[in-house]
Amino acid sequence: MMSNLRNLFFGTDTPINTHYGLTSRVYLNNAATPLVAEPAIQELCEVLPIYSYGNELNALSAQLTLKYNQVRDIVMDFIGADPSLDTVIYTSNTTSAINILSQVYYEHDPDQIILTTRMEHMANYLPFREKMKTLAVGITPEGNVDMNDYAAKLEQYSGQIKLVAVTGASNITGLIPPFYEMAAMAHSYGAKIFVDAVQLVQHKSFTMKPHEDASHIDFVSFDGHKFYTGQSGGVLVGDREFLDQYRPLMFGAGITEFVSSSKIIYKGSPERYEAGYPDFLGIISWGAAIRFLDGIGMENVEEWERGLYRHLIRRLSEIPNLILYSDVYNNTRVPFVAFNLKNMLYRTLAYKLGYGYGIDIASGTSGANLYVQDLLGLTDQQAYSLYRSGEGYGIVRASIGLFNNYEDVDRLADALICISS
């Protein structure tokens, strides 16, 4: 069944020109944005005949608005949020969700310390770093969060750390930090935890766990374009009572109960954080994509992608002079791998794969600058020197999605063998 899912995605075998002629593209850049699933587009086609401004006093507008708001329930159910305690705030993407949370925490206490990690995408670092004192937990030689450093920082700054922000899965290596253990430890020091789950939830089962659970995840974000929609639209999910205390990040129509020249009354969440025109099409198509994966079963998604990843590592580990970063045999991961060839610039390798063999992969830092520096063993000064020289630094990343198959993996491995010989 899983191998037949490829037919339900657009662009899996699109022709592409290479130096050796026309071939079919191999798409292995799913951590950046995956290809689009047909169910998401089918939902769009069904919605377009009733598309309108929304919130108008007629039956079709009411139907559109209902579909839009029902996705909140779909998201809640998918990640095990509590409808009685949590809220689902629609955002344009995960980056905007994290910026909302960073603003909320700045209002909460501008003198607090935010604890994050060196594994993070810059979307889960810069929004906090630019507002408040932000510390980054180091990584182990295997590429995961250094839990000894985490524990030491929680103890050293006890009472000052109000929020821990950690990735659900690295967008570079695919490694999954022990975020439930991190949550329990954060809570014991009076801090809450946010998990940037944008690389996790389309690959692995995930739950926020009940609020009374010591390892409960307080805030979560993920979005649609990473979830096979090709559309904008994301969410920030978390404690409604906490979020209702603070002013929005963006101001505009739709976020107030009352406005006069002398008084403003803001709505509660989620509406107070959703200024401007709703992204009906992006959000509704995303709901269809979540239902699509739910229908397949996340356990089946995990099993299929795990088999592809293991085959990928078997093939890559046989290639001379190929450097694999992090512990690639750690099964607590999503199916991504970071690599380089000895004595070849990462950009050159990516160019050869793309223009020579039609393989779509990522290269560079992919937004995880600190993590890539650590994986490459670069100091701050060395990284800056490489930047100033124009050479730069980076890795090449292949990231598997639900539609990939064993032929895709073999074409990447065969291309790397040819390039390395």
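Rules used in this analysis
Residues numbered from 1 in each chain as written. Predicted model: local features only at pLDDT ≥ 70, side-chain atom pairs only at ≥ 80, totals over all residues. Heavy atoms only, no water. Helix = DSSP H or I, 4+ residues; strand = E, 2+ residues; numbered from the N terminus. Expected span 1.5 Å × (residues − 1). Buried < 20%, exposed > 50% of the residue type's maximum accessible area, 1.4 Å probe, protein only. Phe/Tyr/Trp six-rings, centres within 6.5 Å; stacked < 30°, edge-to-face > 60°. Contact = heavy atoms within 4.5 Å. Pairing = 2+ DSSP bridges. Axes fitted to C-alpha atoms, helices over the stretch in contact; angles between N-to-C directions. Parallel < 35°, antiparallel > 145°, perpendicular 65-115°, else oblique. Left-handed = near helix turned anticlockwise from the far one by under 90°. Nonpolar A, V, L, I, M, F, W, Y, C, P; charged D, E, K, R; others polar. Salt bridge = Lys/Arg side-chain N within 4 Å of Asp/Glu carboxyl O.

J.: I'd love a proper account of helix α8 (residues 280-296), names of residues and values included.
T.: An ideal rise of 1.5 Å per residue puts 24 Å on 17 residues; α8 measures up with 25 Å between its terminal C-alpha atoms. By the criterion of burial, α8 is predominantly enclosed, with 13 of the 17 residues buried. Once α8 finishes, G297 follows within two positions and takes phi at roughly 100°, a positive value.

J.: Could you give an account of the packing of aromatic side chains, naming the residues involved and the relevant values?
T.: Note on aromatic pairs: each is described by the distance of the centres and the angle between the planes. Evaluation of the coordinates by the stated rule reveals 24 aromatic pairs. Each ring, one from Y27 and one from F403, has its centre 6.3 Å from the other, and the planes form 45°; the classification is tilted. Here Y27 is found in strand β3 (residues 26-27), whereas its partner F403 is found in the loop between β17 (395-399) and α13 (406-420), with 376 residues between them in sequence. The same class applies to Y27 and to F403, which are both buried. Judged by centre distance (5.8 Å) and plane angle (55°), the ring pair of F219 and F242 falls under tilted. Separated by 23 residues along the polypeptide, F219 in strand β9 (residues 219-223) and F242 in helix α7 (residues 240-243) bring together distant segments of the chain. Taking the relative accessible area as the measure of exposure, F219 reaches 0% and is therefore buried.

J.: Please set out the environment of I313 residue by residue, giving values where relevant.
T.: By secondary structure assignment, the location of I313 is in helix α9 (residues 298-316). Excluding residues within four positions of it along the chain, I313 makes contact with V328, Y329 and V337.

J.: Can you break down the sheet that holds β17 residue by residue, with the values?
T.: If you trace the 4 strands from one edge of the open sheet to the other, you get β13-β14-β17-β16, paired in antiparallel fashion. One side of each edge strand has no neighbouring strand; the edge strands of this open sheet are β13 (322-324) and β16 (362-364). Averaged over all adjacent pairs, the angle separating strand axes in this sheet is 30°, with direction ignored. Sheet topology places strand β14 (residues 336-341) next to β17; 4 bridges connect them, and they run antiparallel. Paired with A338 across the bridge in β17 is R397.

J.: Quick rundown of the packing of helix α5 (residues 147-156) against helix α6 (residues 179-188)? Include the residues and the values.
T.: Look at α5 against α6: their axes get within 10 Å of each other, and the N-to-C directions meet at 15°. By the angle between their directions, the pair α5 and α6 is classed as roughly parallel. Considering the relative orientation of α5 and α6, their crossing is right-handed. Between α5, through M147, Y150, A151 and L154, and α6, the contact on the second element is made entirely by E181, M182, M185 and A186. By residue class, the composition of the contact of α5 with α6 is 7 nonpolar, no polar and 1 charged.

J.: Give a detailed account of the pairing of β9, specifying residues and quantitative values.
T.: Each regular strand displays side chains that alternate between the two surfaces of the sheet. The element β9 is extensively covered by neighbouring structure, given that 5 of its 5 residues are classed as buried. The two faces of β9 match: F219, S221 and D223 on one face and V220 and F222 on the other face are all buried. In this sheet, strand β10 (residues 234-239) lies alongside β9 in antiparallel orientation, the contact comprising 5 bridges. Note that in β10 the partner of D223 across the bridge is G234.

J.: Report on the sheet that holds strand β5 (residues 113-117), specifying residues and quantitative values.
T.: The sheet built from 7 strands is open, its strands ordered β4-β10-β9-β8-β7-β5-β6 with mixed pairing. Strands at the two margins of the open sheet, each flanked by one partner only, are β4 (86-91) and β6 (133-137). Strand-to-strand twist of the sheet, defined as the mean angle between neighbouring strand axes without regard to direction, takes the value 20°. Note: strand β8 (residues 192-196) against β9, 3 bridges, orientation parallel. Within β9, the position partnered with F194 by the bridge is F219. Running over the sheet, helix α2 (residues 59-79) touches β4, β9 and β10 and is turned about 120° from β4. The sheet contacts of α6 involve β5, β7 (161-167) and β8, and relative to β8 the element is tilted by about 155°.

J.: Describe the pattern of salt bridges, naming the residues involved and giving the relevant values.
T.: For side chains of opposite charge, pairing can occur when their charged atoms come near one another. Enumeration over the complete set of coordinates arrives at 12 salt bridges. One salt-bridge network, in which partners are shared between bridges, spans R6, D13 and D408.

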